[in-house]
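Fold and contact review
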Amino acid sequence: MSFEPKILGIACNWCTYTGADLAGTTRLKYPQNLRVVRVMCSSRINPSFIFRAFQLGADGVLVGGCHPGDCHYNTGNLYARRRLATTKKILEFAGFEPGRLRVEWISASEGNKFAEVVAEFTAQIRNLGPQAKLKIQE
Amino acid sequence: MSRIGVFVCHCGLNIAKTVRVSELAEFAATLPDVVVARDYKFMCSTPGQEMIQHDIKKYNLDRVIVTACSPLMHENTFRKVIENAGLNQYLLTIVNIREQVSWVTSDIEEGTAKSKALLNGAVYRARLLAPLTSRVIDVNPDVMVIGAGIAGIQAALELANTGKKVYLVEKNSTIGGHMAQFDKTFPTLDCSACILTPKMDNVLQHKNISMLTYCEVTEVKGYVGNFDITIKQKARYVDHSKCNACLACTEKCPGKGISEWDESLVKRKAIYIPFPQAVPQKPIIDKNSCTYFLKGKCRLCEKVCEQKAIDFEQQDSFINVKVGAVIVATGYDLMDTKPLVQYGYGKYPGVYNALEVERLFNSAGPTAGKVTQRDGKEPQSIAILHCIGSRDKNYHEHCSRVCCMYSLKFAHLFKEKTSADVYQFYIDMRAAGKGYEEFYNRLLEENVKFIRGKGARVTQSTEEPGRLIVEAEDTITSKFMKLPVDMVVLSPAIVPRADYKDIARLFNLSTDKQGFFMERHPKIAPLSTMSEGIFIAGVCQGPKDIPDTVAQALGAAAEALTIVVKDKMELEATTAMVNPASCCGCQNCVRVCPYGAPAFNYEKRVSEINEALCKGCGLCASVCPSSAIIARHFTNEQVLAEMEGLMEF
Amino acid sequence: MTEFKKIEENLKTEATRLLKEGLVTVVLAYGKGFDENHPMPYAAKTIADVENIVFNEYCNYNMARYLVRYPQGTKIAIAVKAADSRAVIQLIQEEKVKRENLVILGIPVQGMKNPKTGEIIDSKTTCGMYNPVLYDLLLGEEVHGAKSASPYDVLAEYEKMDKEARWEFWKKEFDKCIRCYACRKACPMCYCDPCFIDQSKPKWADKAPQSPGNMMYHLTRFHHLAGRCIDCGECSRACPVDIPLYLFHKKVAKECEEMFNQAAGMSIEDKPVLVDFRVEDSDKILE
C-alpha cells in the first residue's frame with residue numbers, strides 16, 4: 001500500500017478555519033490527509049502540542065493563522081510567529097525534518113489558498129515519507 | 001465515564017454523497033463512552049433536533065456530538081437544542097464533515113475514512129469537556145454609526161426612531177456621502193438631492209442623533225455591549241456652537257482651495273461649506289488653503305463674523321463615547337485611474353471619471369448643471385468606457401455592479417443636456433435589478449450607440465487637436481475601431497476607502513481580497529462580522545446600488561438593535577482562568593495579553609484573569625510554562641486528546 | 001596573592017560590610033565544600049557566616065538560581081560572574097526579583113575550572129564572557145584584552161552534521177537521560193513550580209526515563225528557555241550522565257539572536273523575546 005501521510009492541522013477559528021470552510025463551500029478538492037483541530041487563535045498553540053503531534057504519529061503539522069496584522073486578537077499571530085519559528089529551529093537542530101512543520105497565514109477569504117497549501121504540503125510530506133523519529137513506537 | 005450520543009447528518013446528499021454516513025454511525029457506536037449513534041437526513045430539521053433531545057433523555061446522555069456541517073454554521077443551533085434538553089451547551093461538539101470533508105473530496109472511501117478520524121478526535125475531546133457558565137454583562141443601549149452616507153444616515157435614523165441614542169460619525173464636514181454628489185439616480189431618474197436632503201435634515205433635527213461631523217475614530221476598546229470609543233474632533237477653526245450659518249465669512253474669504261466636493265473640478269474658498277445643502281450648514285477652515293495659516297496674515301473671516309465664531313486657536317479634541325453596538329458604513333472610493341496610463345486620465349483634459357461627471361450634471365455643481373468640458377466647450381461626441389480597472393485581473397477582479405446603470409444614466413443625461421453623440425463601450429450589459437433591464441431598453445431607443453467591446457486605449461488625435469481617439473474591438477463585428485470623440489468618461493472600479501485598513505484594525509474586521517469588509521457569512525450573516533457587535537452596511541462591504549445599500553442599512557440597524565434592546569447579554573464562557581497552585585509567577589500572561597485581562601497579584605504571587613476583559617484567544621495558556629492557565633473549552637488536555645484521537649485513524 | 005584570593009578577600013569584606021550595615025539580610029556566595037575542588041553554594045546571613053565564604057576557580061555555581069527562593073522584598077547581595085550577572089538581568093526582566101532589592105557583587109574572572117574534568121571553562125561551554133554585565137561593586141580587576149572566542153563557534157561542527165547524524169547524536173544523548181532533573185535544578189531560569197513535566201493534568205509526557213518522555217522534556221525545556229538561557233552551562237555541568245545540553249541551548253540562543261536581534265540577559269529594559277514581537281518580524285523565520 002502506498003504511504004498515506006497523516007497530517008495534523010491546527011487552524012485558528014477566524015481566518016484559516018473559515019478559509020477551510022470556504023474551500024468546502026466552493027467545492028475545491030484537496031487531499032484528505034489533513035485532520036484539523038480548531039483553536040481560537042494560532043497563538044493558542046503550545047510548542048508541546050507540536051512535539052506531541054509528532055509523537056502521536058503525525059507525519060506533518062500544518063498551522064494556519066490570520067495574516068500578520070489581521071489577527072482577530074490583534075497581535076496573537078505575531079507571538080505565534082516567533083514561538084513557532086523557534087519550535088521549528090529546535091526540531092531542526094535535533095535532526096528532525098523542519099519541513100514537517102509548516103505555518104501559513106490563510107485568511108477567511110482564501111479558500112483557494114487553503115486548498116493549494118494542503119495539496120502542496122501533503123505532496124511534500126509524501127516525499128519526506130513516514131515520520132518515525134518522534135513517533136512513539138508501540 | 002461519560003455518556004456520549006453521536007448524531008451523523010446526511011445533509012441530504014451534501015454529506016451522504018461522499019461519506020458513508022450509516023457506516024460512520026456504526027463506527028461511532030464502537031468508540032469509547034458512546035452509548036448511542038445515529039444518522040439522519042437533516043439533523044438541523046425539527047425532527048432531527050427532536051431526535052437528539054429525545055435521545056439525551058432516553059439514554060441519559062451527558063455529551064452530544066453532531067457530525068454535520070461547520071460549527072460556524074450550526075454550532076449555536078445545536079447548543080440551543082441540547083440546552084433545551086437540559087444539557088449545558090458547552091457539552092456539544094461539532095464535527096465538520098461537510099465543508100472540510102464531503103465537499104472537498106469526490107472519493108467516498110477517503111471521505112468516510114477522514115470522517116472517522118475526525119469523529120474519533122471529537123469523541124476523545126468530548127469526554128474531557130466541562131460545562132461552562134456564560135457571563136452576563138450589562139449592555140450599553142447606545143449605538144455608533146461610522147460614516148454618514150446614505151447607509152449611515154438610514155441606519156442612524158432607523159435606530160433613532162426606535163428611541164435609541166445614535167452617534168453618527170462622519171469624517172467630512174458634512175453628512176451625505178457620495179449620494180449627495182449625484183444629480184439623478186438610476187433607473188427612475190429621480191433627483192438625488194430631493195430624496196436625500198430630507199433625510200439629512202431629519203438627522204440634524206433628530207433628538208436621538210448626535211451628529212459628529214469632521215470626526216474620526218482613533219481608538220476602540222471594550223467588547224460587544226460595552227464599546228469604549230475615542231473620537232477625534234478635527235479642528236474646524238469655527239466654533240459651531242456660535243456660528244449662525246450666515247456664511248458672510250465664505251463670501252469674504254480670499255483663500256483658494258480645491259473643492260473636494262466637486263471632485264477637484266473647481267476651486268473653493270478656504271473657509272467653506274462643501275455644497276449649499278450641506279448638513280451641518282456651518283463652515284470649516286481648510287488650514288492648507290487659508291491665507292492666515294499659510295502667511296500669518298488675513299483673518300478677514302474673523303472680522304466679518306458677527307458671532308465671533310472664528311477660532312484660529314482651535315485644536316483637535318477627543319471625545320469618548322460608550323456604545324453597545326457599532327455599524328460601520330464607510331462607503332467607497334473610485335479607483336485612481338491615473339496609473340492606467342492607456343486611458344489618459346489626468347493627462348488629457350477631455351477624460352473624466354464618473355464622479356466628476358456626476359458633478360457636471362448637478363445644478364449645484366461647478367458648471368451649474370451645464371455639460372461643458374474643462375475647456376468650456378460643450379462636447380459633440382462622448383464615449384463612456386465601462387469596467388475601467390474592474391473585471392480586470394490586472395487590477396480588480398470584481399464587478400463594480402453599478403457602472404452599467406450609471407453609464408446608461410449618463411448617456412440619458414448627456415442626450416438630454418447636449419446634442420452630442422453618445423457611445424457606450426461595454427463588456428456586457430449587467431442590468432439585474434428592479435427596472436434596470438427596462439431602463440436599458442429605454443436607452444436603446446434614445447439613439448445611444450452601444451459598442452460591445454472594452455475601451456482599450458485613449459489617445460490624442462493628431463489631426464484634430466484636442467480631440468480624443470478611443471480604440472476598441474467591437475466584439476460583435478470583430479472589428480478593431482478608432483473612434484474620435486470630444487469627451488471620454490471612465491467608469492472606474494469601486495474600491496474600499498483609502499483608509500480601510502485603519503478601520504479594519506480599529507474594529508477588528510477582516511477584509512476580502514479587494515479590501516471590502518468581510519461579513520460573517522456571505523449568505524446568512526451578510527451584515528454581521530467576526531467581531532461581535534460590529535455590523536457593516538453599504539459599499540464598504542462590496543459594491544452595490546442605493547436600494548441595496550439602504551436595505552443593508554435597515555438590516556444592520558435591526559442587527560444592532562437586537563443587541564442594544566436588551567439590558568443584559570450573555571457572553572461566551574470560553575475564557576481563560578489561572579490555577580493558582582500551578583502559577584509560577586513568571587507573568588508571561590500579563591506581558592502578552594492584548595486586552596490586559598491577566599494581572600499579577602503581588603501579594604499572592606500569582607496571576608489572575610479578569611474574565612470580563614478576556615476574549616478567549618488562549619495566548620496566555622500557550623505562553624504559560626507551568627500550564628497553570630486553563631483556556632476554557634480549549635484546555636491543554638482537550639486539545640491533546642483531540643489530537644490523539646485524530647492521529648489514531 | 002592570586003586573583004582568586006583577592007576576590008575572596010573582597011567578597012568577605014563587602015559581605016561583612018553589607019550585613020553589618022543592614023543593607024542586606026543575606027549574601028549569596030560560595031562556601032567550603034568537602035574539599036578544595038568542590039566548593040558549595042553558600043548563603044551568609046550573619047557576620048559570623050562570612051568566615052565560611054570562599055572563592056576559587058571551582059566556584060562555578062550560578063548563584064542567581066537561589067534568588068527566587070527568598071520572599072519578595074528580601075534584600076540580597078549576590079556574587080556574580082559574567083553569565084551569572086546575565087541571569088540576574090533576565091530575572092529582573094521577568095520580574096522575579098527587583099533591581100532595588102539587590103546588591104550585585106560583580107566578579108571579573110577567567111580560568112574557572114570544571115571540578116569534574118579539571119578543564120578550563122571557556123566559550124565552548126559557556127557564554128565565554130569575563131566581566132559581569134551588571135553590578136554594583138566590582139570585586140576584582142576588569143579583564144581587559146583577553147578576547148574570548150564566540151560562544152557559538154563550538155556549534156559549527158554540529159551544524160555541519162547531516163540531519164540524520166544529528167538526530168542519532170541527540171537521540172543517543174537524550175536516551176541517556178535518567179530524568180534526575182539536575183539540569184532544571186541547576187538552571188537559574190528554571191524556576192517554575194511545578195515544572196510542566198511533573199504535571200498530571202495535562203500529562204505532557206511519560207515520567208519514566210525513556211525516549212519519548214525524555215524527548216518531550218528536553219525539547220519543551222529548550223523552548224521554555226529559548227531567548228532566556230544566558231549560557232552559563234550549569235545544566236551540563238550538573239548532568240550526571242554528561243548530556244551536552246549547553247550545545248542545544250547555545251544553538252537556540254544563536255537562532256533567537258539572529259531572528260529577534262536580542263541576546264538574553266543583556267539589558268534590564270528588554271522583554272523576553274518569546275513573549276514579545278515586532279510588527280516587522282519577517283515571515284522568513286518560519287521557513
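Residues numbered from 1 in each chain as written. Chains lettered and ligands numbered in written order. Predicted model: local features only at pLDDT ≥ 70, side-chain atom pairs only at ≥ 80, totals over all residues. Heavy atoms only, no water.

1. Considering the packing of helix H13 (residues 403-417) of chain B against helix H14 (residues 436-444) of chain B
All names here are of chain B. Viewed as axis vectors pointing N to C, H13 and H14 meet at an angle of 35°, and their least axial separation amounts to 10 Å. Both H13 and H14 take part in a crossing whose hand is left-handed. Side by side, H13 and H14 meet where Met 405, Leu 408, Lys 409, Ala 411 and His 412 of the first sit next to Tyr 436, Phe 439, Tyr 440, Arg 442 and Leu 443 of the second. Looking at the contact of H13 with H14 residue by residue, the class counts come to seven nonpolar, one polar and two charged. (Axes fitted to C-alpha atoms, helices over the stretch in contact; angles between N-to-C directions. Helix = DSSP H or I, 4+ residues; strand = E, 2+ residues; numbered from the N terminus. Left-handed = near helix turned anticlockwise from the far one by under 90°. Contact = heavy atoms within 4.5 Å. Nonpolar A, V, L, I, M, F, W, Y, C, P; charged D, E, K, R; others polar.)

2. Thoughts on unusual backbone geometry
Across the junction of B:Val279 and B:Pro280, the peptide omega takes the value 0°, indicating a cis bond. Within the fold, B:Pro280 resides in the loop between strand E15 (271-272) and strand E16 (284-285). A cis geometry characterises the amide bond from C:Asp193 onward to C:Pro194, with omega recorded as 5°. Within the secondary structure, C:Pro194 is located in the loop between helix H5 (182-186) and helix H6 (211-225). Despite not being glycine, B:Asn447 shows a phi value in the positive range, around 65°. Within the secondary structure, B:Asn447 is located in the loop between H14 and strand E23 (449-452). In this structure, C:Tyr181 takes a positive phi of about 65° despite not being glycine. With respect to the helices and strands, the residue C:Tyr181 is situated in the loop between helix H4 (163-176) and H5. Here C:Tyr181 falls in the buried class, since its relative accessible area comes to 12%. (Buried < 20%, exposed > 50% of the residue type's maximum accessible area, 1.4 Å probe, protein only.)

3. A few points about the nonpolar core
Of all hydrophobic cores here, the largest spans 110 residues; its most connected members are A:Leu8, B:Ile52, B:Val64, C:Leu219 and C:Phe248. Broken down by element, this core gets its largest block of residues, nine residues, from helix H8 (residues 245-260) of chain C. Residues within four places of B:Ile52 in sequence aside, it is in contact with B:Phe7, B:Met43, B:Val64, B:Val66, B:Phe78, B:Val81 and B:Ile82. In this structure, B:Val145, B:Ile384, B:Tyr426 and B:Val564 belong to the second largest nonpolar core, which totals 84 residues. (Core = buried A, V, L, I, M, F, W, Y, C linked by side-chain atoms within 4.5 Å.)

4. So, the sheet that holds strand E6 (residues 143-146) of chain B
Residue and element names in this part refer to chain B. With respect to topology, five strands assemble into an open sheet ordered E10-E7-E6-E18-E29, the strand pairing being parallel. In this open sheet, the two strands that pair with only one neighbour each are strand E10 (209-212) and strand E29 (534-536). On average, each strand axis in the sheet is inclined to that of its neighbour by 20°, with strand direction left out of account. Two elements, strand E18 (residues 325-328) and E29, share three bridges in a ladder whose sense is parallel. Bridge pairing links Val 326 to Ile 534 in E29. Contacts from helix H16 (residues 546-564) reach E6, E18 and E29, with the element oriented near 170° to E18. (Pairing = 2+ DSSP bridges.)

5. Structural notes on the interface of chain C and chain B
Across the contact, 18 residues belong to chain C and 19 residues belong to chain B. Interface area, chain C with chain B, both sides summed: about 1,600 Å², of which 53% is carbon and sulfur. Considering only the side of chain C, the residues that lose the most area to chain B are C:Glu95, C:Trp204 and C:Val275, jointly responsible for 29% of the buried surface there. The tally of links between chain C and chain B comes to zero salt bridges. For the pair chain C and chain B, the number of links is eight residue pairs in polar contact (both at pLDDT 80 or more). Its residues assigned to classes, the side of chain C that touches chain B comprises eight nonpolar, four polar and six charged. (Buried area = accessible area lost by both parts, 1.4 Å probe. Salt bridge = Lys/Arg side-chain N within 4 Å of Asp/Glu carboxyl O. Polar contact = N/O pair within 3.5 Å; in protein donor to acceptor, adjacent residues only side chain to side chain.)

6. Some thoughts on the state of the cysteines
A full pass over the atoms with the stated rule returns two disulfides over all chains. Here A:Cys15 is linked by a disulfide to A:Cys66, with a sulfur-sulfur distance of 2.4 Å. Disulfide A:Cys15 to A:Cys66: torsion about the S-S bond roughly 100°, handedness right-handed. Placement of the pair is A:Cys15 in the loop between strand E1 (7-12) and helix H1 (16-25) and A:Cys66 in the loop between strand E3 (60-65) and helix H3 (76-93), with a sequence separation of 51 residues. The class of A:Cys15 is buried, set by a relative accessible area of 3%. What pairs with B:Cys191 in a disulfide is B:Cys194, and their sulfur atoms sit 2.4 Å apart. Here the disulfide of B:Cys191 and B:Cys194 is right-handed, its torsion about the S-S bond being about 85°. Judged by its relative accessible area of 23%, B:Cys191 is partly exposed. For B:Cys69, which is in no disulfide, the shortest distance to another cysteine sulfur is to B:Cys11 and amounts to 6.3 Å. Owing to a relative accessible area of 7%, B:Cys69 belongs among the buried residues under this scheme. (Disulfide = S-S within 2.5 Å.)

7. Here we look at the domain arrangement of chain B
Looking at chain B, the domain boundaries give domain 1 (4-126), domain 2 (143-234 + 316-331 + 497-564), domain 3 (248-304), domain 4 (333-495) and domain 5 (575-631). One C-alpha centre belongs to domain 4 of chain B, the other to domain 5 of chain B, and the line joining them spans 60 Å. (Domains from an automatic or database assignment.)

8. Points about helix H19 (residues 636-648) of chain B
Since the α-helix turns once every 3.6 residues, residues separated by three or four places project in the same direction. For H19(B), spanning 13 residues, the distance from its first C-alpha to its last is 18 Å, which sits close to the expected 18 Å at 1.5 Å a residue. If you check which residues of H19(B) are buried, you get B:Asn636, B:Gln638, B:Val639, B:Leu640, B:Ala641, B:Glu642, B:Met643, B:Gly645, B:Leu646 and B:Met647. On its buried face, H19(B) is in contact with E1, strand E2 (34-39) and helix H2 (47-55) of chain A together with helix H6 (108-126) of chain B. (Expected span 1.5 Å × (residues − 1).)

9. Some details on the interface of chain B and chain A
Across the boundary between the two partners, chain B contributes 50 residues, which contact 46 residues of chain A. For the pair chain B and chain A, the summed buried area comes to about 4,400 Å², and 58% of that belongs to carbon and sulfur atoms. At the boundary of chain B with chain A, the tally comes to one salt bridge. Our count for the chain B to chain A interface comes out at 19 residue pairs in polar contact (both at pLDDT 80 or more). Those elements that provide at least two residues to the side of chain B that touches chain A are helix H4 (71-84), helix H5 (98-102), H6, helix H17 (588-592), helix H18 (619-623) and H19 of chain B.

10. What to know about the side chain of B:Ser289
Residue and element names in this part refer to chain B. Structurally, the position occupied by Ser 289 is in the loop between E16 and helix H10 (291-295). On the basis of relative accessible area, Ser 289 is assigned to the buried category, the value being 7%. Only 2.7 Å separates the side chain of Ser 289 from the side chain of Asp 286, close enough to count as a polar contact. Those residues in contact with Ser 289 that sit more than four places away from it in its chain are Gly 255, Lys 256, Gly 257, Arg 268, Ala 270 and Leu 294.

11. Things to note about the side chain of A:Arg52
Here A:Arg52 shows up in helix H2. When near neighbours in sequence (up to four residues on either side) are disregarded, A:Arg52 contacts A:Ile136, B:Leu640, B:Met643, C:Trp204 and C:Met216.

12. Let's talk about the environment of C:Tyr42
All names here are of chain C. Tracing the sequence through the fold places Tyr 42 in strand E2 (residues 40-44). Placed 58 residues apart in sequence, Tyr 42 and Glu 100 show a C-alpha to C-alpha distance of 22 Å. Setting aside chain neighbours within four positions, we find Tyr 42 in contact with Val 27, Leu 28, Ala 29, Tyr 30, Gly 31, Asp 49, Asn 52, Ile 53 and Met 63. Engagement of the side chain of Tyr 42 in a polar contact is seen with the backbone oxygen of Asp 49, the distance being 3.4 Å.

13. Re the environment of C:Lys113
All names here are of chain C. With respect to the helices and strands, the residue Lys 113 is situated in the loop between strand E4 (102-106) and strand E5 (137-138). Relative accessible area serves as the criterion here: at 24%, Lys 113 is assigned to the partly exposed category. Once residues lying within four places of it in the same chain are set aside, the contact partners of Lys 113 are Glu 57, Tyr 58, Asn 60, Gly 118, Glu 119, Ile 120 and Ile 121.

14. Details of the pattern of salt bridges
Inspection of every chain in the model, using the stated rule, returns 64 salt bridges over all chains. With a closest N to O distance of 4.0 Å, B:Arg63 and B:Asp62 form a salt bridge. On the accessibility criterion, B:Arg63 (11% relative accessible area) is buried. With relative accessibility at 23%, the residue B:Asp62 sits in the partly exposed group. We note a salt bridge from B:Asp421 to B:Lys449, for which the minimum N-O separation is 4.0 Å. Of the two residues, B:Asp421 sits in strand E22 (residues 421-426) while B:Lys449 sits in strand E23, which places them 28 residues apart along the sequence. Residue classification places B:Lys449 among the partly exposed positions, given a relative accessible area of 32%. Where salt bridges share partners, they join A:Glu97, A:Arg100, A:Lys133, C:Lys163 and C:Glu164 into one cluster.

15. Quick word on the confidence of the model for chain B
Per-residue confidence for chain B gives a mean pLDDT of 95; residues scoring 70 or more make up 100%. Interface confidence in the predicted complex, given as ipTM, is 0.98; pTM for the same model is 0.76. (pLDDT = per-residue confidence, 0-100.)

16. Overview of the environment of B:Ala504
Residues and elements named next belong to chain B. Take Ala 504: it is sitting in helix H15 (residues 500-507). Look at Ala 504 and you get buried, because its relative accessible area is 10%. Distance from Ala 504 to Phe 516, taken between C-alpha atoms, is 9.5 Å for residues twelve residues apart in sequence. Other than its neighbours up to four places away in sequence, Ala 504 contacts Leu 509, Thr 511 and Phe 517.

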